[in-house]
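The residues making up each chain are set out below.
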Amino acid sequence: MPRKLTPNRWNWSQEERKWVYIELDEKGDNEYFYQMEPPQEFIDLTLKIKDLNERLLKTNDSEENDRIFDEMIRISKKMQCMRKENT
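Starting afresh in each chain, residues are numbered from 1 along the sequence in its written order. In view of the model being predicted, local features appear only for residues whose pLDDT reaches at least 70, and side-chain atom pairs are presented and counted only at 80 or more, with totals across whole chains, interfaces and linings using the full set of residues. Calculated side-chain values reflect all of the structure's heavy atoms, with hydrogen atoms and water omitted.

Visitor: Just checking my understanding: could you explain the side chain of N11 for this structure?
Guide: A run of H or I in DSSP becomes a helix once it reaches four residues, and a run of E becomes a strand once it reaches two; helices and strands are each numbered from the N terminus. Its location among the elements puts N11 in strand β1 (residues 10-13). The buried category is assigned to N11, whose relative accessible area is 0%. At 2.8 Å, the side chain of N11 forms a polar contact with the backbone oxygen of T6. Throughout, exposure labels follow a simple rule: accessible area from a 1.4 Å probe, protein chains only, divided by the maximum for the residue type, with under 20% read as buried, over 50% as exposed, and the rest as partly exposed. Definition of a polar contact: a pair of N or O atoms within 3.5 Å, with one able to donate and the other able to accept a hydrogen when the atoms are protein atoms, and with sequence-neighbouring residues admitted only if both atoms are side-chain atoms.

Below you can see the structure in the form of structure tokens.
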């Protein structure tokens, strides 16, 4: 069962198989914006996580490992609240 889409951030709609941004207007009604391609912010953050993951695989230093992992968590959280540009 797909999860409920969250307003005021980008969501992947499994049902529509598109990215959707749900914006609440002044009346509390939803306005939907769809696009096939992922938001640019998603692409950028995914590349950062990929680079960090490669560094994580190469490091043997536990402190460096912790720093890299913490940065990956920070980026992951950022991905969960991506806003629509020009809102």
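Visitor: Explanation requested: the nonpolar core in the structure shown.
Guide: One broad rule of soluble globular proteins: the nonpolar side chains tend to lie buried together. Among the buried residues, those of types Ala, Val, Leu, Ile, Met, Phe, Trp, Tyr and Cys that are joined through side-chain atoms within 4.5 Å form a nonpolar core. In this structure, L45, L52, L56, I68, M72, I75 and M79 together form the largest nonpolar core, which totals 7 residues. Residue assignment for this core shows that the elements contributing at least two residues are α1 (40-58) and α2 (62-79). Ranked by residue count, the leading element in this core is α2, at 4 residues.

Visitor: Quick question: what am I supposed to make of unusual backbone geometry here?
Guide: Negative phi characterises most residues that are not glycine, and trans characterises most peptide bonds. At N8, a residue that is not glycine, the phi angle is positive and equals roughly 65°. Mapped onto the secondary structure, N8 falls in the segment before β1. A relative accessible area of 28% places N8 in the partly exposed class. Phi is positive for R17, which is not a glycine, with a value near 55°. For R17, the position within the fold is in the loop between β1 and β2 (18-24).

By themselves, these are just geometric observations and shouldn't be taken as functional.
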